[in-house]
Amino acid sequence: MSSDQSNVPAQPGSASPPVPAGPLQPPANVPRPDPLRSRLAPATLIVIVLVLWAILMPRANPNERLATRVTAAIVNNDMHPVEAVFVPANKAKLEDRMLVGRLSQDLNELGKLKRIKEDTPQNSAAGYHHFQAEFSKGTWEEDMTTGSDGKIVTFHVHAPSANFSR
């Protein structure tokens, strides 16, 4: 073997040629990480979580939304925003500031309205709805009856111990 061949392994005890100094290069067959992909991965994960949350999050049904609007109007002692959802025959009760004011005072003493959840029994009459109105300091019940036109015929807010005919 000749010593001027560079690919021949060095003999034991002989001096090996010096290795050139410089940056180490990864082998050509190893893929480099894509910087754009590494930035988009967390954003994609966040978008997926938000979409799943929006799809699976429980939403209030139309009756719960209507009861929430009426309850908020009672709490604010102003029934004008919801007058149109009641049958015209109940307009006198809606305008009775003493009646609404007394109920408004009772509800304001319960603290902030958190949510209204419908728990109407399955065998209830058509148009009847029962709700649990959850406030920060307690829970009251609401009974609502709607007519065939979807307008509210009766709406009662009461403490859980008070029973109204259903």
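Residues numbered from 1 in each chain as written. Predicted model: local features only at pLDDT ≥ 70, side-chain atom pairs only at ≥ 80, totals over all residues. Heavy atoms only, no water.

**Let's talk about the nonpolar core**
Where a protein is soluble and globular, its nonpolar side chains tend to be buried together. Cut-off, in case you're wondering: Take the buried residues of types Ala, Val, Leu, Ile, Met, Phe, Trp, Tyr and Cys, join any two whose side-chain atoms come within 4.5 Å, and each joined set is a nonpolar core. The rule is simple: take the accessible area with a 1.4 Å probe, protein chains only, and divide by the maximum for that residue type; under 20% is buried, over 50% is exposed, in between is partly exposed. Strands here are runs of E lasting at least two residues and helices are runs of H or I lasting at least four, both read from the DSSP assignment and numbered beginning at the N terminus. For this analysis, residues touch if any pair of their heavy atoms sits within 4.5 Å.
Val70, Met79, Phe86, Leu107, Ile152 and Phe155 are the most contacted members of the largest nonpolar core, which has 23 residues in total. When residues of this core are traced back to their parent elements, those giving at least two are helix H2 (62-75), helix H4 (97-108), strand E2 (128-135), strand E3 (138-146) and strand E4 (152-158). With six residues, H2 is the single largest residue contributor to this core. Leaving out residues up to four positions away in the same chain, Ile152 has contacts with Leu66, Val70, Val85, Phe86, Val87, Asn90, Met144, Thr145 and Thr146.

**Considerations on the side chain of His130**
Inclusion rule: Contacts described as polar in this section are N or O atom pairs within 3.5 Å, which, within protein, must combine one atom able to donate a hydrogen with one able to accept it, while residues neighboring in sequence count only if both atoms come from side chains.
Along the chain, His130 turns up in strand E2. According to the relative accessible area criterion, His130 is buried, its value standing at 4%. A polar contact of 2.6 Å, which involves the side chain of His130, links it to the side chain of Asp119.

**Here's the deal with the layout of surface pockets**
Note the threshold: Using a grid of 1 Å spacing that covers the protein atoms alone, one calls a set of points a cavity when a 1.4 Å probe fits there but cannot get out, and a pocket when the set is open and has protein on both sides within 12 Å along at least five of seven lines; lining residues are those with an atom within 4 Å of a point. Grid points are joined across faces, edges and corners, and a volume is the space filled by probe spheres set on the points. Note on residue categories: nonpolar means Ala, Val, Leu, Ile, Met, Phe, Trp, Tyr, Cys or Pro, charged means Asp, Glu, Lys or Arg, and polar means any other residue, Gly included.
Estimates place the volume of the largest pocket at around 440 Å³. Taken together, 18 residues line the largest pocket, and the ones lying closest to its centre are Lys93, Leu99, Leu103, Phe155 and His156. Mapped onto the lining of the largest pocket, the elements with two or more residues apiece are H2, helix H3 (91-94), H4 and E4. Partitioning the lining of the largest pocket into residue classes produces 12 nonpolar, three polar and three charged.

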